[in-house]
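Inside the fold
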Amino acid sequence: MRHLGAFLFLLGVLGALTDICEIPEVDIQLVEKLGQRLLPWMDRLSREHLNPSVYVGLRLSSVQDGTKEKLYLRSLKLDYQQCLLRSALSENDSDCQAKPSMGRLSLYLLALRANCEFIRGHKGDRLISQLKRFLEDEKRAIGHNHKGHPHTSYYQYGLGILALCVHQKRVHNNLVGKLLYAVEHDRLHQSHFSVDTAAMAGLAFTCLKRSNFNPDQRHRITMAIRTVQEKILKAQTPEGYFGNVYSTPLALQLLMTSPMSGAELGTACLKAKVALLASLQDGAFQNAVMISQLLPVLNHKTYVDLISPDCLAPRVMLEPATTTLPQIQDPETINVTLQVLSLLQPYRQAIPVLAGSSLEDVLKKAHMLGGFIYEKQASLSGPYLTSVMGKEAGKREFWQLLQAPNTPLQQGIADYRPKDGEAIELRLVSW
């Protein structure tokens, strides 16, 4: 900790010497370790595991696995093009397990640009048309008076605009106007400020501005970029995170594109880098999506660079991580209290699990013991709860994960690992 404190002091001095958001060079071995955590995901080529974000993150990083990357992109193309195009023709296509979301389609388009490909041809036009239909549906849900909300989220709305922009597809002023209004009137978020959502909106606006799209809205776009950047800076915690550790990479992507200047910006970004490095040493960033948002930052890249990606830039070849077999020890059993207090019939039970088990393992064990039921749904960020004790999360509701009594978890059920004696509450909340 003394060394970390000295490092923080040094970066504070350095921050005073710079007035832009720059991330100093990071030890390549650290980047390689992060990249190696993505390699197992590159081997998962089934539909439920394919994740365009993984591919985008690697392509914008300083590391690579050439053969796996090519195979992964090929699998993405086969799955997304066939499934997306068929779902456009039929709502009940048996070859597609679920109609792809706007977010999935947007990330797929980013993956193509990460390989320096533009969407072209008849099939490409169909994909672009489908994404525009998604955005039109969201625009209608928001309404003329802006009192409604997107069916998904403003995060996905901004991601959709960004995906069209990097493919040099113009977005109608009415669609951009909805996102501008949400920023101008602080409607991006329902309950509390979301750094992720603000950063994604800012990245979409930055792409539009750099591409000279929507000239009639240029002044509003410029002001909206400044607004979200200022709010993100104000959301920096004493530890250095923007919001929390997992929203910090996307926030840094936006701030790195910032036309703003000043010692405050430079110092804030350097402080965030120190916080991220400390969290990496503590074992954070096991989730593939979170890693894929961090890797570009460590290579001084952002999603906006997909406007004109450098596909010939040299990147270090990744080698599979070498592991040493640990000594065999008797597994330790811990007790985690699982509670659901927001229902008419509360549930509270101590669940014995092996040390190192995920929260999802706790839920499975509780179900096996009886008296507890739940349902989950897969997403690109990992599984999330849709129903607990027979109660489904309705529209504008979700099952929140908390460390009792009121500390929200920053990881999902597959990534969070409770400690012995910890109490975890599942709470149905509205947003």
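Residues numbered from 1 in each chain as written. Predicted model: local features only at pLDDT ≥ 70, side-chain atom pairs only at ≥ 80, totals over all residues. Heavy atoms only, no water.

Within an unreviewed UniProt entry, the label attached to the protein chain reads Transcobalamin-2, and the organism entered is Callithrix jacchus. Checking UniProt for the protein chain, the heading Subcellular location (unreviewed entry) contains the comment "Secreted". According to the UniProt record, the Subunit (unreviewed entry) comment for the protein chain reads "Interacts with CD320 (via LDL-receptor class A domains)." (UniProt positions renumbered as here; feature names shortened; annotations may be inferred.)

Now for the pattern of salt bridges. Across all of its chains, the model carries 10 salt bridges by this definition. Two residues, Arg315 and Glu69, come together in a salt bridge whose shortest N-O distance is 2.9 Å. Here Arg315, found in the loop between helix 13 (288-298) and strand 2 (316-317), pairs with Glu69, found in helix 4 (residues 66-89); they are 246 residues apart in sequence, far enough to count as distant. Residue Arg315 shares its accessibility class with Glu69, and that shared class is buried. Close ionic contact of Lys376 with Glu360 constitutes a salt bridge, the shortest N to O distance being 2.3 Å. (Salt bridge = Lys/Arg side-chain N within 4 Å of Asp/Glu carboxyl O. Helix = DSSP H or I, 4+ residues; strand = E, 2+ residues; numbered from the N terminus. Buried < 20%, exposed > 50% of the residue type's maximum accessible area, 1.4 Å probe, protein only.)

Take the state of the cysteines next. This model, assessed by the stated rule, comprises three disulfides. Linked covalently through their sulfurs, Cys116 and Cys311 form a disulfide whose S-S length is 2.0 Å. Disulfide Cys116-Cys311: the torsion about the S-S bond is 110°, which places it as right-handed. Of the two residues, Cys116 is situated in the loop between helix 5 (102-114) and helix 6 (121-142) and Cys311 in the loop between helix 13 and strand 2; the sequence distance between them amounts to 195 residues. For Cys116, a relative accessible area of 33% corresponds to the partly exposed category. Two residues share a disulfide in this structure: Cys165 and Cys207, whose sulfurs sit 2.1 Å from each other. Between Cys165 and Cys207, the disulfide has an S-S torsion of -100° and is therefore left-handed. On the criterion of sequence distance, the pair formed by Cys165 in helix 7 (residues 154-166) and Cys207 in helix 9 (residues 195-210) is long-range, its members being 42 residues apart. The class for Cys207 is buried, based on a relative accessible area of 0%. (Disulfide = S-S within 2.5 Å.)

On to helix 2 (residues 28-42). With 15 residues, helix 2 should cover 21 Å at 1.5 Å per step; its first-to-last C-alpha distance of 21 Å lies within 8% of that length. Those residues of helix 2 that fall on the buried side of the exposure criterion are Val31, Leu34, Gly35, Gln36, Leu38, Leu39 and Met42. The backbone nitrogen of Gln29 has a side-chain oxygen 3.1 Å away, supplied by the residue at the start of helix 2, namely Asp27. (Expected span 1.5 Å × (residues − 1). Polar contact = N/O pair within 3.5 Å; in protein donor to acceptor, adjacent residues only side chain to side chain.)

A separate point is helix 9. Its 16 residues give helix 9 an end-to-end C-alpha distance of 22 Å, which sits within 8% of 22 Å, the value for a rise of 1.5 Å per residue. With 13 of 16 residues buried, helix 9 lies mostly within the body of the structure.

A few words on the packing of aromatic side chains. Per the stated rule, a full pass over the model turns up four aromatic pairs. When the centroid spacing of 5.2 Å and the interplanar angle of 45° are considered together, the rings of Tyr347 and Phe372 count as tilted. Here Tyr347, found in strand 4 (residues 347-354), pairs with Phe372, found in the loop between helix 14 (359-369) and strand 5 (374-377); they are 25 residues apart in sequence, far enough to count as distant. In this pair, the class of Tyr347 matches that of Phe372, namely buried. A cation over an aromatic ring shows up here: Arg44 above the ring of Trp41, its NZ or CZ 4.5 Å from the ring centre. For Arg113, the ring lying beneath its charged end belongs to Phe118, and the centroid distance is 3.8 Å. (Phe/Tyr/Trp six-rings, centres within 6.5 Å; stacked < 30°, edge-to-face > 60°. Lys NZ or Arg CZ within 6 Å of the ring centre and 35° of its normal.)

The subject of this paragraph is the packing of helix 5 against helix 6. Here helix 5 crosses helix 6 at 140°, and the two axes come no closer than 10 Å. Regarding the angle of helix 5 to helix 6, the classification is oblique. Between helix 5 and helix 6 lies a crossing of left-handed hand. Contacts between helix 5 and helix 6 involve Met102, Leu105, Ser106, Tyr108 and Leu109 on the former and, on the latter, Leu127, Ile128, Gln130, Leu131, Phe134, Leu135 and Glu138. Split into classes, the residues belonging to the contact of helix 5 with helix 6 amount to nine nonpolar, two polar and one charged. (Axes fitted to C-alpha atoms, helices over the stretch in contact; angles between N-to-C directions. Parallel < 35°, antiparallel > 145°, perpendicular 65-115°, else oblique. Left-handed = near helix turned anticlockwise from the far one by under 90°. Contact = heavy atoms within 4.5 Å. Nonpolar A, V, L, I, M, F, W, Y, C, P; charged D, E, K, R; others polar.)

This prediction gives the protein chain a mean pLDDT of 87; 88% of its residues lie at or above 70. With pLDDT under 50 throughout, residues 1-17 is counted as low confidence; its partners more than four residues away or in other chains account for 13 contacts. (pLDDT = per-residue confidence, 0-100.)

What follows is about the sheet that holds strand 7 (residues 391-392). Either a parallel or an antiparallel arrangement is found when strands of a sheet pair, and the pairing is made through backbone hydrogen bonds. An order of 5-6-7 is seen for the three strands of this open sheet, with the pairing classed as antiparallel. For this open sheet the edge positions go to strand 5 and strand 7, each flanked by a neighbour on one side alone. Summarising the sheet, strand 6 (residues 384-388) and strand 7 pair through two bridges and their orientation is antiparallel. Across the sheet, residue Val388 finds its bridge partner in strand 7, namely Lys391. (Pairing = 2+ DSSP bridges.)

Mapping Leu50 onto the fold places it in the loop between helix 2 and helix 3 (52-59). Note on Leu50: relative accessible area 2%, which makes it buried. Non-local contacts of Leu50, meaning those with residues more than four positions away in its chain, are made with Arg44, Leu45, Tyr72, Ser75, Leu76, Asp79, Tyr80, Arg104 and Leu380.

With respect to the secondary-structure elements, Asn51 resides in the loop between helix 2 and helix 3. For Asn51, a relative accessible area of 2% translates into the label buried. Leaving out residues up to four positions away in the same chain, Asn51 has contacts with Tyr72, Leu76, Val289 and Leu380.

With that settled, the discussion passes to the pairing of strand 3 (residues 333-340). Of all the eight residues making up strand 3, six are buried; the element is thus mostly covered by neighbouring parts of the structure. Sheet topology note: the strand 3/strand 4 ladder contains eight bridges and is antiparallel. Among the inter-strand pairings, Leu338 is bridged to a residue of strand 4, identified as Gln349. Linking strand 3 to strand 4, which pair antiparallel, is a turn of six residues. Here strand 3 runs beside strand 10 (residues 423-430); their pairing, made up of three bridges, is parallel. Looking at the pairing, Thr337 lines up with Ala423 of strand 10.

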